[in-house]
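# Structure assessment
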Amino acid sequence: MAESIANPILNSPYDPPERHFEVGPHGPTGEIKVGRRPSESFIPIAASKKGKKVGGGGTQQAMDFDLTGERREKNSLINELRGDVDLWRQRSYHGTTPITRKLLVHWADPNREDRVLFCQREAAETAIFLAEVAGRHGYKDWRRQIDGQNTAHNSGLPRVALKMATGSGKTVVMAMLIAWQTLNKVQSPRDARFTKRFFVVTPGITIRDRLRVLFPGDEGNYYDERDLIPPDLKGGLKQAQIIITNYHSFLLRDAKEIKGVSATTRKMLLAGKKHDPFKETPDAMVARVLRNFGVGSAKGKNEIMVLNDEAHHCYKDAPIQIVDGMKAGALSKEERDANEEARVWFRGIQAIVKRVGVKAVYDLSATPFYLGARATTGATSSLGP
């Protein structure tokens, strides 16, 4: 039986976790373990496969979780990368630009009035580590492994997932990433690692409106409200260019010429055509959604950073479960609708990459895996494709 835990809080939210509760085959045991809980996934096991020995040969360590009929897999990429980021943190963030280090020290200051949560710091630190430090100063180049996963699962889109628990402040992390990139670009305009253009995509209008706190000039913006930037650096943030939209903007619109035409007439005009000539082309859609960036010039190539909020809604295709060579079951209407919405979002970003390129895609979500396929535990912030 799982142990009931009266007080589950063991660690300060501002510092790296030092203890965790053990999770046994039947759930939490109540026993406290020293150290941070490793990141792991809980993956459903098909009924006909349960009880069979888990094969080896991969980098994941797996075991059956008897209570739920799931398999537990330790996420080796995340756990090992955390180790490198932790070591880098202990070494005072060496290997970064002076601007970056000043921001990191500011965010980590224990004497701040409004302290940054550790999960927020670690998410930003991980993104910074990958962009500025990985592959140098004796650290492994984790980008190669991430690129390989993106080739396999994301059609090569340069995605990095920052997993944070619901309510832990993903919007603050977005502001931290925007500040880091913008201030470095202002200081070193020729440095290709940085940009001042940010395209933020959300799953709905409500979330889009909530993210207006990312605009430096708006009243109540997070840079001022959360004291995210040292006073002597604030002026440079004014150069940030930010577009916030929801994924529906990626839908190809009807051309003006077709408006008012009946469905019957439209069907006749489209007879025998593979593509709808009365629909916006993907290139035209990109020009529309990025018009405030003035896309189209060679100068703007690969100068956009994409930030996906609630990014678990953006994927190429949901996996189809196969049991003994047979499809596990038909998708429900809700699942089919979710898949179609995800494709619109995913293809929209693909179109941007094809037309103007992007520097990086940062996914922020509490669920960085296909919905219904697996769940993760032990992560205040984590990284993976």
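Keep in mind that what you see is a predicted model, and the values were worked out from it rather than measured. (Residues numbered from 1 in each chain as written. Predicted model: local features only at pLDDT ≥ 70, side-chain atom pairs only at ≥ 80, totals over all residues. Heavy atoms only, no water.)

## Details of the overall build of the chain
Keep this limit in mind: Put simply, DSSP marks the helices as runs of H or I at least four residues long and the strands as runs of E at least two long, and each gets a number from the N terminus on. A simple rule labels every residue: compare its accessible area, found with a 1.4 Å probe on the protein chains alone, to the largest value its type can have, and call it buried under 20%, exposed over 50%, or partly exposed in between. Note on contacts: a residue pair qualifies if any of its non-hydrogen atoms lie within 4.5 Å across the two residues. Areas reported as accessible are Shrake-Rupley estimates using a 1.4 Å probe. Residue values count occlusion only from the protein chains shown.
On a plain count of helices and strands, the chain comes out with ten helices and 14 strands. With 385 residues in all, the chain has 44% of them scored as buried. Within the chain, contacts between residues at least 6 apart in sequence are counted, and of these 76% link residues at least 24 apart. Here the chain has roughly 20,100 Å² of accessible surface; of this, 52% comes from carbon and sulfur atoms.

## Here's the deal with the nonpolar core
For the record, the criterion: The set of buried Ala, Val, Leu, Ile, Met, Phe, Trp, Tyr and Cys residues whose side-chain atoms join them within 4.5 Å is what this entry labels a nonpolar core.
Residues W107 and Y362 are the most contacted members of the largest nonpolar core, which totals 56 residues. The dominant element in this core, judged by the number of residues it contributes, is helix α5 (residues 170-187), at ten residues. With residues near it in sequence (within four places) discarded, W107 still touches R112, V116, R121, A124, I128, M176, W180 and L228.

## Here we look at the packing of aromatic side chains
Rule in force here: Classification of ring pairs uses Phe, Tyr and Trp, with its six-membered ring standing for Trp, and accepts pairs whose centres are within 6.5 Å; under 30 degrees between planes counts as stacked, over 60 as edge-to-face, and the remaining range as tilted.
What the rule picks out here adds up to six aromatic pairs. Seen in terms of ring centroids, W180 and F194 are 6.1 Å apart; in terms of plane orientation they differ by 85 degrees. Their pairing is edge-to-face. Taken together, the residues W180 in helix α5 and F194 in the loop between α5 and β7 (197-202) connect sequence positions 14 residues apart. W180 sits in the buried class, given a relative accessible area of 0%.

## Here we look at the confidence of the model for the chain
As a reminder of what qualifies: One number per residue, pLDDT, summarises how confident the predictor is, and it ranges from 0 to 100.
The share of residues in the chain with pLDDT of 70 or more is 77%, and the mean pLDDT across the chain is 83. Throughout residues 322-326 the model reports pLDDT below 50, and contacts reaching past four residues in sequence, or to other chains, amount to seven contacts. Segment residues 371-385 is flagged for pLDDT under 50; beyond a separation of four residues in sequence, or across chains, it makes 64 contacts in the model.

## Side note on unusual backbone geometry
For Y93, which is not glycine, the phi torsion reads 60 degrees and is therefore positive. The topology assignment puts Y93 in the loop between α1 (76-90) and α2 (98-108). Positioned with a positive phi, E310 is a non-glycine residue whose angle comes to about 50 degrees. With respect to the secondary-structure elements, E310 resides in the loop between β9 (304-309) and β10 (322-323).

## Topic: the packing of helix α9 (residues 282-289) against helix α10 (residues 333-355)
Stated formally: Only the stretch in contact is used when fitting a helix axis, every axis being a line fitted to C-alpha atoms; angles between N-to-C directions are given from 0 to 180 degrees. Reported orientations rely on four angle classes, namely roughly parallel under 35 degrees, roughly antiparallel over 145, roughly perpendicular from 65 to 115, and oblique for the rest.
For the pair α9 and α10, the least separation of the axes is 9 Å and the interaxial angle reads 90 degrees. It follows from the interaxial angle that α9 and α10 lie roughly perpendicular. Listed contacts from α10 to P282, D283, M285, V286 and A287 of α9 are G348, A351, I352 and R355.

## A word on the pattern of salt bridges
Definition in use: We define a salt bridge as a contact between a side-chain nitrogen of Lys or Arg and a carboxyl oxygen of Asp or Glu at a distance within 4 Å.
By the definition in use, this model includes 23 salt bridges. Linking R115 and D15 is a salt bridge whose minimum nitrogen-to-oxygen distance equals 3.5 Å. Placement of R115 in the loop between α2 and α3 (118-133) and of D15 in the segment before β1 (19-24) is noted, with a sequence separation of 100 residues between them. We note a salt bridge from K234 to D224, for which the minimum N-O separation is 3.6 Å. You can see K234 sitting in the loop between α7 (222-225) and β8 (241-246) and its partner D224 sitting in helix α7, a full ten residues away along the chain. For K234, a relative accessible area of 33% puts it in the partly exposed group. Given the relative accessible area of 45%, D224 is considered partly exposed. If you follow the salt bridges from partner to partner, you end up with D86, R89, R121 and E125 in one network.

## Quick look at the pairing of strand β2 (residues 27-34)
Which entries qualify depends on this criterion: When DSSP locates at least two bridges between a pair of strands, those strands are taken to pair.
The pairing of β1 with β2 spans five bridges and is classified as antiparallel. By the bridge assignment for β2, V23 is matched with P28. In textbook terms, the turn of a hairpin is the stretch between consecutive antiparallel strands, and for β1 and β2 this stretch comprises two residues.

## Notes on the pairing of strand β12 (residues 360-365)
Most of β12 sits inside the fold, with six of its six residues counted as buried. Because side chains alternate across β12, one face comprises the buried residues A360, Y362 and L364, and the other comprises V361, D363 and S365, equally buried. As judged from the five bridges shared by strand β6 (residues 159-164) and β12, these two strands associate in the parallel manner. If you follow A161 over to β12, its bridge partner there is D363. The pairing of β9 with β12 spans five bridges and is parallel. Residue pairing in the sheet places D309 in a bridge with L364 of β12.

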